[in-house]
Amino acid sequence: MKLRYYLLVIVSLIALLSGTLVQPALAQATNEPTGFKNVTVWVYPEYDDPRLLVMLEGQITGTTLPALVKFLVPQSANLFSAGSKNTQGVYSGGPPNRIASSVQGWDEISYTLPTTASTFRVEYYDDIITGSPDKKISYDFRWLYPISDLNIVIQQPLKATNFNVSPPGTKTTENNFNVVIYPKNNLTPDPSTQPLHFDISYTKTDPNPSIQNTTTASGSSSSNTVWLIIIAVALVIVAVFLV
């Protein structure tokens, strides 16, 4: 009986602590930013996965935290993470709200940036690479807020040849990868405006991605850390209770 009682106490404490830690993250703010700044979009074909990896990061303007942020992602996008990083670069986040948008073929995701947020970050995979070994990608970028400054970085996969991006951009290297960069300024979210469109092509016979056995975002590790903290705190409380 005592063992069953102690187990019940542990389960109750874990449930209570998990609810306390999770609920603030789920709470939605109502104020929204008036724009984005310092935005970078990384477009990585076959980086650590056979699909296209897209990563978006930047800062909000025109409001205070906490704030509700919204993004457009393709309906075919498989979201990997949506959250924020603090000034120390520590990531936190979880599954965002996701609904169909007014733009055909696109979904709207939304979540709350906490008061500790320094930058927002969204990552997703999209299975839009066609052909083999001559591969093609038709990539679009759409946005919901005015963006004062934006950099789009398109990366050439390792072991890929005949890499080409249209329209032409600035070719350089980044983290030992060849990339093409497109700086943009003062973008307005006019629904009638065409998205920023890029046609990417290359030849690659190696089926392996550029980077293997890595995780590009800290979303899963952050989640594991939260549960480890919950369990550790629960065990400490139970130990004190038993003493």
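Just so it is clear, the model here is predicted, and its values are computed rather than measured. (Residues numbered from 1 in each chain as written. Predicted model: local features only at pLDDT ≥ 70, side-chain atom pairs only at ≥ 80, totals over all residues. Heavy atoms only, no water.)

**Q** I keep staring at the overall build of the protein and nothing clicks. Help me out?
**A** On a plain count of helices and strands, the protein comes out with two helices and 14 strands. Expressed as a percentage of its 243 residues, the buried residues of the protein come to 40%. The contacts in the protein between residues at least 6 apart in sequence include a share of 77% that link residues at least 24 apart. Carbon and sulfur atoms make up 56% of the accessible area of the protein, which amounts to about 13400 Å² in all. (Helix = DSSP H or I, 4+ residues; strand = E, 2+ residues; numbered from the N terminus. Buried < 20%, exposed > 50% of the residue type's maximum accessible area, 1.4 Å probe, protein only. Contact = heavy atoms within 4.5 Å. Areas by Shrake-Rupley, 256 points an atom, 1.4 Å probe, with all protein chains shown as cover.)

**Q** Mind showing me how you'd approach the pairing of strand β13 (residues 177–187) here?
**A** Here strand β10 (residues 147–155) pairs with β13 via eight bridges, running antiparallel. When the bridges of β13 are listed, Ile152 appears paired with Tyr182. (Pairing = 2+ DSSP bridges.)

**Q** I would appreciate a short explanation of the sheet that holds strand β11 (residues 161–166) in the present structure.
**A** What links the strands of a sheet is backbone hydrogen bonding, and the strands pair in either a parallel or an antiparallel sense. The sheet built from three strands is open, its strands ordered β9-β14-β11 with antiparallel pairing. The strands lining the two open edges of the sheet, one partner per strand, are β9 (134–141) and β11. If you compare each strand with its neighbour and ignore which way they point, the axes differ by 10° on average. In terms of strand pairing, β11 meets strand β14 (residues 196–203) through four bridges, oriented antiparallel. Within the sheet, the bridge partner assigned to Ser166 lies in β14 and is Asp199. (Axes fitted to C-alpha atoms, helices over the stretch in contact; angles between N-to-C directions.)

**Q** Which parts of the structure should I look at to understand the side chain of Glu108?
**A** Examined against the element boundaries, Glu108 turns out to sit in strand β7 (residues 106–113). We note that Glu108 is buried and unpaired, the nearest opposite charge coming from Lys70 at a distance of 4.1 Å. Here Glu108 is in contact with Lys70, Phe71, Leu72, Asn97, Arg98, Ile99, Ala100, Ser101 and Leu144, once residues within four sequence places are set aside. (Lys, Arg positive; Asp, Glu negative; His and termini not counted. Salt bridge = Lys/Arg side-chain N within 4 Å of Asp/Glu carboxyl O.)

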